[in-house]
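# Topology and contacts: notes
Here are the chains, one letter per residue:
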Amino acid sequence: MGSEEMTTSVENVQEMVRKNPSSVPERFLIINNDDNPNISPVSSDVPVIDLSSVCDGNEDEIKKLDCACADWGFFQIINHGIAEEVLHGMKNTAAEFFKLPLEEKNKYPPKDIQGYGQAQSFLTSKEQKLDWEDVLMLFIYPLSYRKLDYWPTSPPELKDVIQTYSAEVHKVGERLLRVLSVMMGMDKDTLLEMHKEVMHALRVNYYPPCPMPERVLGVSAHSDSTSLTILMQDDDITALQIRRDDGWLPIKPIPNALVVNIGDVIEIWSNGKYRSIEHRAITNKYKARTSFASFLTPTPDVELEPLDQMVNPLNPQKLYKKIKYYDYVSGSLEKKLETKPLRKDAN
Ligand code: OGA
Ligand code: NI
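Attention here is on the structure that accompanies the text. All of these numbers come straight from a predicted model, not from anything done at the bench. (Residues numbered from 1 in each chain as written. Chains lettered and ligands numbered in written order. Predicted model: local features only at pLDDT ≥ 70, side-chain atom pairs only at ≥ 80, totals over all residues. Heavy atoms only, no water.)

Interaxial distance between helix H5 (residues 84–99) and helix H7 (residues 158–183) falls to 9 Å at its minimum, and their mutual angle equals 140°. The hand of the H5/H7 crossing is left-handed. Along its contact with H5, which presents Val-86, Leu-87, Gly-89, Met-90, Thr-93, Ala-94 and Phe-97, the element H7 presents Leu-158, Val-161, Ile-162, Thr-164, Tyr-165 and Glu-168. Partitioned by chemical class, the residues of the contact of H5 with H7 number 9 nonpolar, 3 polar and 1 charged. (Axes fitted to C-alpha atoms, helices over the stretch in contact; angles between N-to-C directions. Helix = DSSP H or I, 4+ residues; strand = E, 2+ residues; numbered from the N terminus. Left-handed = near helix turned anticlockwise from the far one by under 90°. Contact = heavy atoms within 4.5 Å. Nonpolar A, V, L, I, M, F, W, Y, C, P; charged D, E, K, R; others polar.)

Here is the structure:
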């Protein structure tokens with residue numbers, strides 16, 4: 001055996017909990033005892049957007065989406081057109097994968113971000129605090145980035161299920177990007193073209209139950225360095241929280257809805273009009289939780305810069321310096337766990 005050490009530099013969290021359900025190693029204690037729970041007192045929930053109505057050109061719904069992107073940075077979409085069977089198929093099949101013995105799951109050790117393991121991609125030092133999760137990360141599009149070596153072969157239907165789910169989510173992402181393009185004063189396909197190609201990675205987050213949820217985070221506070229992130233979460237556990245009014249506001253799951261958030265790339269292109277909001281996931285004492293984050297991004301060579309038409313009397317200067325997307329991501333990985341590295345003064 002000993003394959004565990006060889007394949008993952010950090011212990012598998014699910015396995016750790018299985019062996020020792022009541023202990024939490026020091027490196028996972030992120031929230032201090034004296035921190036206040038810090039739950040936002042705001043009573044309203046994130047906006048719920050009817051995607052079909054938006055795509056039919058309903059002015060009120062488009063206005064609502066515009067406010068959601070500008071004021072919240074997060075919203076849930078309903079009537080997105082993805083069949084319930086596709087959503088449930090993804091959830092059920094992934095659940096089968098996570099139930100497999102560790103030796104089986106460790107056949108896909110993480111490399112170049114892809115594969116299965118602890119939130120490996122962000123590990124920068126031995127002292128770094130750890131998130132209470134294991135991750136399966138796969139590049140979906142473009143096909144040239146797809147490395148089937150990392151795609152689990154067990155359960156046997158998982159590959160097809162991921163392909164079907166991701167293709168559907170990709171279509172939803174493109175529909176949203178067309179609407180956003182028009183909202184930003186461009187032709188509907190311009191934002192898509194600015195990506196060169198809409199790259200797409202799937203991150204399946206598995207959060208085992210945690211004996212000390214008040215001290216440990218499933219995923220610590222971050223903003224996504226994407227253009228858009230589309231997330232499917234479990235219906236029965238509220239864990240995702242967004243930064244709002246100096247507190248953390250929970251996003252209550254709506255069955256079969258998807259959570260969408262504006263990432264850093266759209267924040268930059270929109271010159272800060274649309275906001276990439278910090279978020280985190282808390283842990284749950286009794287139940288494991290799984291979430292599926294689809295990250296849509298431009299290609300690495302795309303130069304990011306606020307669009308000229310987003311500079312206007314209300315927002316008279318470019319708030320972000322020009323930066324190649326590749327360099328932006330490299331920088332934000334290094335700064336992970338710090339607060340958001342955005343909003344550089346332009347000069
Ligand atoms: C992410 C993320 C939140 C969640 O994967 O980037 O923010 O609820 N996940 O799992
Ligand atoms: Ni995120």
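With that settled, the discussion passes to the pattern of salt bridges. Pairs may arise between side chains of opposite charge once their charged atoms sit close together. By the definition in use, this model includes 17 salt bridges. For the salt bridge of Asp-66 with Lys-273, the shortest nitrogen-to-oxygen distance reads 3.1 Å. Taken together, the positions of Asp-66 in helix H4 (residues 59–72) and Lys-273 in the loop between helix H9 (264–269) and strand S11 (279–282) put the pair 207 residues apart, joining distant regions of the chain. You can call Asp-66 buried: its relative accessible area is 17%. Across the pair Arg-178 and Asp-189 runs a salt bridge whose closest N-O atoms are separated by 3.0 Å. Linking Arg-178 in helix H7 with Asp-189 in the loop between H7 and helix H8 (190–194), this pair joins segments that are 11 residues apart in sequence. Arg-178 sits in the partly exposed class, given a relative accessible area of 30%. In this structure, a network of salt bridges that share partners links the residues Arg-178, Lys-188 and Asp-189. (Salt bridge = Lys/Arg side-chain N within 4 Å of Asp/Glu carboxyl O. Buried < 20%, exposed > 50% of the residue type's maximum accessible area, 1.4 Å probe, protein only.)

What follows concerns the packing of aromatic side chains. Applying the stated rule across the entire model yields 8 aromatic pairs. When the ring of Phe-97 is compared with that of Phe-98, the centres are 5.3 Å apart and the planes differ by 70°; the resulting orientation is edge-to-face. Here the two residues Phe-97 and Phe-98 agree in accessibility, since each one is buried. With a centroid separation of 6.3 Å and 50° between ring planes, the pair formed by Phe-98 and Tyr-116 is classed as tilted. With Phe-98 in helix H5 and Tyr-116 in strand S3 (residues 115–118), the pair connects residues that are 18 residues apart, well separated along the chain. Here a set of aromatic residues connected by ring pairs shows up, and it is made of Phe-97, Phe-98, Tyr-108, Tyr-116 and Tyr-206. The ring of Tyr-141 carries Arg-146 above its face, with NZ or CZ at 5.3 Å from the centroid. Above the ring of Trp-72, the side-chain terminus of Arg-244 is found at 3.5 Å from the ring centroid. (Phe/Tyr/Trp six-rings, centres within 6.5 Å; stacked < 30°, edge-to-face > 60°. Lys NZ or Arg CZ within 6 Å of the ring centre and 35° of its normal.)

Sheet architecture is open: 4 strands sit in the order S6-S11-S8-S9, paired in antiparallel fashion. With partners counted over all chains shown, the strands left at the sheet margins are strand S6 (217–222) and strand S9 (247–250), one partner each. Within the sheet, the average angular offset between the axes of one strand and its neighbour, ignoring direction, is 30°. As paired elements, strand S8 (residues 240–244) and S9 share 4 bridges and run antiparallel to each other. Counterpart to Arg-244 in the pairing with S9 is Gly-247. (Pairing = 2+ DSSP bridges.)

What follows concerns the coordination of the nickel ion (ligand 2). Coordination of the nickel ion (ligand 2) by the protein is provided by His-222 (NE2), Asp-224 (OD) and His-279 (NE2), with metal-donor distances spanning 2.1 to 2.2 Å. For the nickel ion (ligand 2), all donor residues lie on one chain, and their spacing in sequence is H-x1-D-x54-H. In this pair, Asp-224 sits in the loop between S6 and strand S7 (228–233) while His-279 sits in strand S11, placing the two residues 55 residues apart along the sequence. Owing to a relative accessible area of 6%, His-279 belongs among the buried residues under this scheme. (Donors = N, O, S within 2.8 Å, 3.2 Å for Na, K, Ca; no water.)

Another point: H7. Relative to the 38 Å expected for 26 residues at 1.5 Å per residue, H7 spans 37 Å between its end C-alpha atoms, a close match to the ideal helical length. Phi turns positive one or two residues past the end of H7, at Gly-185, with a value near 85°. (Expected span 1.5 Å × (residues − 1).)

Let us look at the site of ligand 1. Taken together, 13 residues form the shell around ligand 1, and within it Tyr-207, His-222, His-279, Arg-289 and Ser-291 come nearest. Note that an oxygen atom of ligand 1 is positioned 3.0 Å from one of the side-chain N or O atoms of His-279. Here ligand 1 has 290 Å² of accessible area as a free molecule, and 96% of this is covered by the chains. Within the residue set of the shell around ligand 1, elements represented by two or more residues are strand S5 (199–207), S11 and strand S12 (289–297). Counting residues per element, the shell around ligand 1 draws most heavily on S12, at 4 residues. (Near = heavy atom within 4 Å. Polar contact = N/O pair within 3.5 Å; in protein donor to acceptor, adjacent residues only side chain to side chain. Areas by Shrake-Rupley, 256 points an atom, 1.4 Å probe, with all protein chains shown as cover.)

Moving on, we get to the pairing of S5. Buried residues dominate S5, accounting for 9 of its 9 residues. Bridge count between strand S4 (residues 134–141) and S5: 7 bridges; the pairing is antiparallel. Residue pairing across strands places Tyr-141 opposite His-200, the latter belonging to S5. With 9 bridges connecting them, S5 and S12 associate as antiparallel partners. Directly across from Tyr-207, in S12, lies its bridge partner Arg-289.

Coordinates in, geometry out; function isn't part of it.
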